[in-house]
Amino acid sequence: MKICCGTDIIEIQRIKESIEDEKMGKAFIERIYTPKEISYCENKKAQKYQHYAARFAAKEAAFKAISGKIKDKYEMTWKDFEITNDEQGRPCLTIKGMDLSKIENIDLSISHCREYAVANVTLLEN
């Protein structure tokens, strides 16, 4: 059994600036986030940038956790990682585009405050 983990932290202001950029904002959102993620974040109104940043950090953390299992980092895209929430509101990670048959469990934890968002992904591999 092997445990793989990844952690990431991001300044919320950086994500806000990328999203609000007049020239690149829409392209940034569409390149990084899935339609479900965009809908979720946009519904958070004043806190939407915190949620966008948390999902960005979660995707980075997920990539770090699986990086030893991929041959070429360019074979994965941002949208291959999708962050949703279960019925109790806990964040869940779905990874597309790779064989997960040896992965027994994926655990995701995200948090954010006024300035930062952080995420941790732990994979349990058989």
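Scroll up a little and you will see the structure.
Residues numbered from 1 in each chain as written. Predicted model: local features only at pLDDT ≥ 70, side-chain atom pairs only at ≥ 80, totals over all residues. Heavy atoms only, no water.

Novice: Could you give me a rundown of the nonpolar core, with the residues and numbers involved?
Specialist: The nonpolar side chains of a soluble globular protein tend to be buried, and buried together. Membership of the largest hydrophobic core comes to 34 residues, with the highest contact counts inside it found for Ile15, Phe28, Tyr33, Ile66, Leu93 and Val121. When contributions to this core are tallied by element, the ones reaching two or more residues are strand S1 (2-11), helix H1 (12-20), helix H2 (25-32), helix H4 (48-66), strand S2 (81-85), strand S3 (91-95), strand S4 (103-112) and strand S5 (116-125). A total of 11 residues in this core trace back to one element, the largest contributor, which is H4. Residue contacts for Phe28: discarding those within four places in its chain leaves Ile15, Ser18, Ile19, Tyr33 and Phe56. (Core = buried A, V, L, I, M, F, W, Y, C linked by side-chain atoms within 4.5 Å. Buried < 20%, exposed > 50% of the residue type's maximum accessible area, 1.4 Å probe, protein only. Helix = DSSP H or I, 4+ residues; strand = E, 2+ residues; numbered from the N terminus. Contact = heavy atoms within 4.5 Å.)

Novice: Can you lay out the packing of aromatic side chains for me, pointing to particular residues and giving the numbers?
Specialist: If you walk through the whole model with that rule in mind, you get four aromatic pairs. Measuring from centroid to centroid gives 6.3 Å for Phe28 and Tyr33, while their planes differ by 75°, and the two rings are edge-to-face. By relative accessible area, which is 10% here, Phe28 ends up buried. Aromatic side chains Phe28 and Phe56 sit 6.4 Å apart centroid to centroid with 25° between the ring planes, which places their arrangement in the stacked category. Of the two residues, Phe28 sits in helix H2 while Phe56 sits in helix H4, which places them 28 residues apart along the sequence. One exposure class covers both Phe28 and Phe56, and it is buried. (Phe/Tyr/Trp six-rings, centres within 6.5 Å; stacked < 30°, edge-to-face > 60°.)

Novice: Go over the pairing of S5 with me, naming the residues and quoting the values.
Specialist: Here S5 shows one buried face, formed by Ala117, Ala119, Val121, Leu123 and Glu125, and one open face, formed by Tyr116, Val118, Asn120, Thr122 and Leu124. Relative to S5, S1 is paired through 10 bridges, and the arrangement is antiparallel. Bridging across to S5, Ile10 finds its partner in Ala117. The loop that links S4 with its antiparallel partner S5 comprises three residues. (Pairing = 2+ DSSP bridges.)

Novice: Can you tell me about the sheet that holds S5, naming the residues and giving the values?
Specialist: Taken together, the three strands give an open sheet; going across it, the order is S1-S5-S4, and neighbouring strands pair in antiparallel fashion. The sheet terminates laterally at S1 and S4, the two strands that pair on one side only. Between one strand axis and the next, the sheet turns through 10° on average, direction left out of account. In this structure, S4 lies alongside S5, joined through nine bridges in antiparallel fashion. The partner of Ile103 across the bridge, within S5, is Glu125. Its contacts with the sheet put H1 on S1, S4 and S5, and the angle it makes with S1 is roughly 70°. H4 contacts S1, S4 and S5 of the sheet and is inclined by roughly 35° relative to S5. (Axes fitted to C-alpha atoms, helices over the stretch in contact; angles between N-to-C directions.)

Novice: How would you explain the pattern of salt bridges if you had to name every residue and give the values?
Specialist: All chains considered together, the criterion is met by six salt bridges. Among the ionic pairs, Lys69 bridges to Glu125, the shortest N-O distance being 2.9 Å. Highlighted residues: Lys69 in the loop between H4 and S2 and Glu125 in strand S5, separated in sequence by 56 residues. Judged by its relative accessible area of 26%, Lys69 is partly exposed. (Salt bridge = Lys/Arg side-chain N within 4 Å of Asp/Glu carboxyl O.)

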